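# Structure assessment
The primary structure of each chain is shown beneath.
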Amino acid sequence: MLDIQLLRNDLDNIASRLAARGFALDTAAFQALEGERKEIQTRTQELQAKRNASSKLIGQAKAKGEDVSAIMADVANLGDELKAAETLLEEIQAKMQDLLLTMPNTPHESVPVGKSEADNVEVRRVGTPRTFDFPPRDHVDVGESLKLLDFATATKISGARFTLLKGQLARLHRALTQFMLDTHTGEHGYTEVYVPYLVNADSMRGTGQLPKFEEDLFSVLRSDAEEGLAGMGGKTPNSQKLYLIPTAEVPVTNIVRDEIVALEDLPLKFVAHTPCFRSEAGSYGRDTRGMIRQHQFEKVELVQIVHPSRSFDALEELTGHAETILKRLELPYRVMALCSGDMGFSAAKTYDLEVWLPAQNTYREISSCSNFESFQARRMQARFRNDKNKPELVHTQNGSGLAVGRTLVAILENYQNEDGSVTVPSVLRPYLGGLEKLSA
RNA sequence: GGAGAGAUGGCCGAGUGGUCGAAGGUACUCCCCUGCUAAGGGAGCGUAGGGUUUAUAGCCUUACCGAGGGUUCGAAUCCCUCUCUCUCCGCCA
């Protein structure tokens, strides 16, 4: 959520920054609403002040045993007018809140301006794609011919966009998460956290998934919800509904929702391994083959809660932490600075890490690292006490370190051998009892 | 699932319809005193808004005592619903 003060004081500037990411802010509508708000709020508060003053007088007079009927008569007429003003003000403020909640973050000045993925800027490229002396197969062929990857059965169990891993490959998948967690906790100073996978609507609002992107989420009603619904006129109360997390960013970042963190406790650095659930509505026909785009996948997520003055340094650092995993696995990748039009709703700046996939002959996203500045913190009211002892919004950021399923894909493709086997990257072998090759 | 208790400021804790945004304590900040790893004295100290203003200063003002509704001229206090916490019993990985 953007600071409404900024909108009031610098509307045209904000509008043009939002335009860079393809969001058209109706400035005239905003100003009209704001004008209305100002008038109604002033009037409401004047009426409230009058009522409060009169009520106080009644109290004082009664204490002295004086007659209060004159004051009572004076304040009696206030009721209806005040009620109407309060209702109107509430409606206007709700409208304003809706507007604010559906406005994306403004891109940082260092973000390249552009419309789509095609305008993203390559920052650096690390590692050289291997040259194959045989035609490289994609991860589906490699995994299925080893009998370690089974999409048909996963489809039978659940449907499209689910994966079944077996044997050595299931273990490799587990080894990857262990390796990532060990690296981030042991070398990069993150605290490992275990978090809920079902979260409430407040948490989803806090990190920006709601109210705008509900269709991307899976949700469940509590088992006793039906009973509750009957008594609520058929409306679904928020408290009865829980959402499956689309990323650990949601539960982990919400650790600081409605909290005031001590200055000396910053930065907070958390790492969590969780499953992620995405409905993938609107992605029909994209990446239908293989495990690139799934309804359920695993991710190791890095989250930092930082002092505002440090947030862009922290983004570079966090991106570096994610890159470390790719370097250790010796997977070729590149770092892309997302352009204004391709960034996510809540981000002020984002780097994507893209890993080389030989079968697709291209780089594909395997991590996304973003600085949200105070955008999420304002929604969450996540603050710290600054050096003047005043509460101030923190800056939040996160990045995948890494998406485990996609890392598995990258290993299967980059480490495949002509005989159909797959070499295990050396850093993972200790996690696999020394296994050097996946083979049939 | 059953029975009961509770939710107040950073923390503890008073307050059952009227000068309560809220006593007191503690923590914190500043000052004084004190020649020492302490004590004493004084002052300050909630959050989010709105108006005014060059001003994130000051002044005026509104809301907030778990959340939402209601009664009332007036609600931390009364009523209703919900959420959460604690204790006991039951069940359970």
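Above this text you will find the structure in question.
As a starting point, this report considers the structure included with it. (Residues numbered from 1 in each chain as written. Chains lettered and ligands numbered in written order. Predicted model: local features only at pLDDT ≥ 70, side-chain atom pairs only at ≥ 80, totals over all residues. Heavy atoms only, no water.)

For the coordinates displayed, the defined rule picks out six aromatic pairs. Where Phe-132 meets Phe-134, the ring centres are 5.4 Å apart and the plane angle is 85 degrees; that geometry is what we call edge-to-face. This pair shows no difference in class: Phe-132 is buried, exactly as Phe-134 is. Ring geometry for Phe-213 versus Phe-345: centroids 5.3 Å apart, planes at 75 degrees, classification edge-to-face. Highlighted residues: Phe-213 in the loop between α9 (201-207) and β4 (219-221) and Phe-345 in the loop between β9 (333-337) and β10 (349-357), separated in sequence by 132 residues. Take Phe-213: its relative accessible area is 26%, and that puts it in the partly exposed class. The ring centre of Tyr-190 lies 4.9 Å from the NZ or CZ of Lys-269, which sits over that ring. (Phe/Tyr/Trp six-rings, centres within 6.5 Å; stacked < 30°, edge-to-face > 60°. Buried < 20%, exposed > 50% of the residue type's maximum accessible area, 1.4 Å probe, protein only. Helix = DSSP H or I, 4+ residues; strand = E, 2+ residues; numbered from the N terminus. Lys NZ or Arg CZ within 6 Å of the ring centre and 35° of its normal.)

Here we take up the protein's contact with RNA strand B. Surrounding RNA strand B, one finds 22 residues, the nearest of these being Arg-8, Arg-37, Gln-45, Ser-55 and Ile-58. Atoms of RNA strand B within 4 Å of the protein belong to the sugar or the phosphate in 67% of instances, the rest to bases. Between RNA strand B and the protein, one listed contact pairs a sugar or linking oxygen with a side-chain N or O atom of Gln-48 at 3.0 Å. For RNA strand B, a phosphate oxygen lies 3.1 Å from a polar atom in the side chain of Arg-51. Looking at the surface near RNA strand B, the elements that each hand over two or more residues are α1 (4-9), α3 (27-63) and α4 (69-76). (Near = heavy atom within 4 Å. Polar contact = N/O pair within 3.5 Å; in protein donor to acceptor, adjacent residues only side chain to side chain.)

Moving on, we get to the nonpolar core. As a rule of thumb, nonpolar side chains are buried together in soluble globular proteins. Membership of the largest hydrophobic core comes to 49 residues, with the highest contact counts inside it found for Leu-169, Ile-411, Leu-428 and Leu-438. Of all the secondary-structure elements, those providing two or more residues to this core are α6 (139-145), α8 (167-186), β8 (296-306), α12 (311-328), β9, β10, β11 (362-371) and α14 (404-414). It is α8 that provides the largest number of residues to this core, a total of seven residues. Excluding residues that lie within four positions of it along the chain, Leu-438 makes contacts with Leu-146, Leu-148, Gln-168, Leu-169, Leu-172, Leu-412, Ser-421, Val-422 and Val-424. Leu-7, Ile-14, Leu-25 and Met-103 belong to the second largest nonpolar core, which has 21 residues in total. (Core = buried A, V, L, I, M, F, W, Y, C linked by side-chain atoms within 4.5 Å. Contact = heavy atoms within 4.5 Å.)

With that out of the way, let us pick up the sheet that holds strand β13 (residues 391-393). Strand order in the open sheet formed by three strands is β6-β12-β13, with mixed pairing between adjacent strands. Looking along the sheet, the strands with just one partner apiece sit at the ends: β6 (260-261) and β13. As defined by bridge partners, strand β12 (residues 383-385) adjoins β13 across three bridges and the pair is classed as antiparallel. Residue pairing across strands places Arg-383 opposite Leu-393, the latter belonging to β13. (Pairing = 2+ DSSP bridges.)

Further remarks concern the side chain of Thr-274. Residue position: Thr-274 is located in strand β7 (residues 268-277). Dropping the residues within four chain positions of it, Thr-274 is found in contact with Val-195, Tyr-197, Ile-245, Ala-248, Phe-297, Glu-298 and Lys-299.

With that out of the way, let us pick up the sheet that holds strand β3 (residues 198-199). Read across the open sheet, the three strands follow the order β3-β5-β4; overall the sheet is antiparallel. Edge positions in the open sheet fall to β3 and β4, since each of these has one partner strand only. Examined bridge by bridge, β3 and strand β5 (residues 241-244) share two bridges and lie antiparallel to one another. Note on β5: the bridge partner recorded for Val-199 is Tyr-243.

Now for the environment of Asp-352. Its place among the elements puts Asp-352 in strand β10. Assessed through its relative accessible area of 7%, Asp-352 is described here as buried. With 18 residues separating them in the primary sequence, Asp-352 and Arg-334 have C-alpha atoms 8.3 Å apart. Ignoring anything within four residues of it in the chain, the contact list for Asp-352 reads Arg-334, Val-335, Met-336, Leu-338, Glu-365, Ser-367 and Ser-368. A distance of 2.8 Å separates polar atoms of two side chains, one belonging to Asp-352 and the other to Ser-368.

Here the focus is the packing of α3 against α4. Contact pair α3 / α4: the axes reach a minimum separation of 10 Å and the direction vectors enclose 160 degrees. Regarding the angle of α3 to α4, the classification is roughly antiparallel. Between α3 and α4 lies a crossing of left-handed hand. Across from Arg-51, Ser-54, Leu-57 and Ile-58 in α3, the residues of α4 making contact are Ile-71, Met-72 and Val-75. For the contact of α3 with α4, the class distribution of residues is five nonpolar, one polar and one charged. (Axes fitted to C-alpha atoms, helices over the stretch in contact; angles between N-to-C directions. Parallel < 35°, antiparallel > 145°, perpendicular 65-115°, else oblique. Left-handed = near helix turned anticlockwise from the far one by under 90°. Nonpolar A, V, L, I, M, F, W, Y, C, P; charged D, E, K, R; others polar.)

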